[in-house]
Structure formats: structure tokens, C-alpha cells
Amino acid sequence: RRFCGSYAEGCWVRMSTTSVAAAFKDAFYAWAVTNWSGDPVQVQFGIPGPNQQDDIVGFLDVTAEQDSATFGTQRSREEVLTLVVTASSYRAGESAQEKVAWDRAVALIAELEQYARVTDTTIGGTVRECFLTNLQIAGTPQELIAGGRLVEAQATFTAHARIRS
């Protein structure tokens, strides 16, 4: 196989000797784009712009912390990564739409969680394991209720990887 620059089936991942943070976010994002390609879900690499669909999944901040794993000529390091993903769902209408928006935002996060926990625990081969470690869900802010209902679910995924020189 050759390195093809994406995480499509049949491609291998070129691992960094510095950090896998970029590859981890790229692979998770690429899966989401493919997963929701037929759905009206706007998948964003970062914060969405002014043109927005009712359902949005945004791959936001990624952090990486390293600690030494082994001593020797390879000087490998253990890397702990966190990726923040926000799923937001908007529904025009009155208070009954809050539950509809809530259920959709939760369902979007549930799909991401299922992928990371069951379907591809290595996120395209970029990490050793990945799990949902934090979830916060916020209902419609008071200042927005005149325009409809907006629910945002912010999930933190934590992954572990071994970095080898």
C-alpha cells in the first residue's frame, strides 16, 4: 500500500515521530465526512461559518501531552490526546422543538462514540485506543428562544498513542 494522504480504506497512515495529534483529528474528521455524506449534517473542521445547516458536527480543539514511556535508543513516549467535538442541532419553532433538537444532538454524539468505542477503536490506525471521556449538553440559551431551539452537545474524546523516534 502507499500513503495516499487520506484515511480511506487501503491507505496506510504515516505516523509522526513528534505527535499524532494532527493525524488523529484528521482521521476522526474524515470518518465523519464519510459517515454523514448522505445526511443533512454539516461536518466542519473547526468552527462553522455563516452558512449553517440545522445539524452540525464540528471538530474543534485537539491537545496532546507526552511523557516518557521507555528508556533506550528509541526514547519512545506515551501521548495522551484529547479532541473536542461539538454537535449542535437547531429546530425552528416553540418549546416542543427543544426535545427534538436535544435528541438529535445526543444522537450525533452517540454515533461518534459508537465509532470510537466499537467500530474503529484506533481511529484509522492513528491511536491505540479512544473513548468518550466527557459530555456536556446545553439547551437553548434564553436570548435565542425567539428564533427557535438550539441544543449543543460538546464531547471530549481521549486517546492514547505511543510515539517512537
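Residues numbered from 1 in each chain as written. Predicted model: local features only at pLDDT ≥ 70, side-chain atom pairs only at ≥ 80, totals over all residues. Heavy atoms only, no water.

1. Regarding the sheet that holds strand β3 (residues 77-91)
Then, in step 1: Here we have five strands laid out as an open sheet, ordered β1-β2-β3-β5-β4, and mixed in their pairing. Taken across any chain shown, the strands that pair with only one partner, and hence form the sheet edges, are β1 (41-45) and β4 (129-138). When the angles between neighbouring strand axes are averaged without regard to direction, this sheet yields 20 degrees.
Then, in step 2: Examined bridge by bridge, β3 and strand β5 (residues 149-163) share 15 bridges and lie antiparallel to one another. Considered in β5, the bridge of Leu81 is made with Ala159. (Pairing = 2+ DSSP bridges. Helix = DSSP H or I, 4+ residues; strand = E, 2+ residues; numbered from the N terminus. Axes fitted to C-alpha atoms, helices over the stretch in contact; angles between N-to-C directions.)

2. Structural notes on helix α1 (residues 21-35)
Then, in step 1: For α1, spanning 15 residues, the distance from its first C-alpha to its last is 21 Å, which sits close to the expected 21 Å at 1.5 Å a residue.
Then, in step 2: What α1 keeps buried is the set Ala21, Ala23, Phe24, Lys25, Ala27, Phe28 and Ala32.
Then, in step 3: The secondary structure elements touched by the buried residues of α1 are β1, β2 (55-68), β3, α2 (96-119), β4 and β5. (Expected span 1.5 Å × (residues − 1). Buried < 20%, exposed > 50% of the residue type's maximum accessible area, 1.4 Å probe, protein only. Contact = heavy atoms within 4.5 Å.)

3. Let's talk about the packing of aromatic side chains
Then, in step 1: Using the criterion set out here, one finds eight aromatic pairs in the structure.
Then, in step 2: Where Tyr29 meets Phe45, the ring centres are 5.2 Å apart and the plane angle is 80 degrees; that geometry is what we call edge-to-face. Highlighted residues: Tyr29 in helix α1 and Phe45 in strand β1, separated in sequence by 16 residues.
Then, in step 3: You can call Tyr29 partly exposed: its relative accessible area is 23%.
Then, in step 4: Phe45 sits in the partly exposed class, given a relative accessible area of 42%.
Then, in step 5: Measuring from ring centre to ring centre gives 6.0 Å for Tyr29 and Phe59, while their planes differ by 85 degrees; the resulting arrangement is edge-to-face. Here Tyr29 is found in helix α1, whereas its partner Phe59 is found in strand β2, with 30 residues between them in sequence.
Then, in step 6: Its relative accessible area of 0% is what places Phe59 among the buried residues.
Then, in step 7: A connected cluster of aromatic rings, assembled from ring pairs, spans Phe24, Phe28, Tyr29, Trp31, Trp36, Phe45, Phe59, Tyr115 and Phe157. (Phe/Tyr/Trp six-rings, centres within 6.5 Å; stacked < 30°, edge-to-face > 60°.)

4. Focus: the pairing of β2
Then, in step 1: The pairing of β1 with β2 spans five bridges and is parallel. Looking at β2, one finds that Gln42 is bridged to Ile56.
Then, in step 2: For β2 and β3, the ladder comprises 12 bridges, and the chain directions are antiparallel. Each bridged residue has a counterpart across the sheet, and for Phe59 the counterpart in β3 is Val85.

5. Regarding the environment of Ser89
Then, in step 1: If you trace the backbone, Ser89 turns up in strand β3.
Then, in step 2: Relative accessible area serves as the criterion here: at 0%, Ser89 is assigned to the buried category.
Then, in step 3: Put simply, Ser89 and Asp54 are 35 residues apart on the chain and 5.6 Å apart in space, counted from C-alpha to C-alpha.
Then, in step 4: Ignoring sequence-local partners within four residues, the contact set of Ser89 consists of Asp54, Asp55, Ala101, Arg104, Ala105, Arg149, Leu150 and Val151.
Then, in step 5: Here Arg91 takes part through its side chain, which lies 3.1 Å from a polar atom of the side chain of Ser89. (Polar contact = N/O pair within 3.5 Å; in protein donor to acceptor, adjacent residues only side chain to side chain.)

6. Notes on the packing of α1 against α2
Then, in step 1: Running from N to C, α1 and α2 point in directions that differ by 125 degrees, and their axes come no closer than 12 Å. As summarised for this structure, α1 and α2 are arranged oblique, according to the angle between their axes. The element α1 and its partner α2 pack so that their crossing is right-handed. Side by side, α1 and α2 meet where Phe28, Trp31 and Asn35 of the first sit next to Glu111, Leu112, Tyr115 and Ala116 of the second.
Then, in step 2: The residue makeup of the contact of α1 with α2, split by class, is five nonpolar, one polar and one charged. (Parallel < 35°, antiparallel > 145°, perpendicular 65-115°, else oblique. Left-handed = near helix turned anticlockwise from the far one by under 90°. Nonpolar A, V, L, I, M, F, W, Y, C, P; charged D, E, K, R; others polar.)

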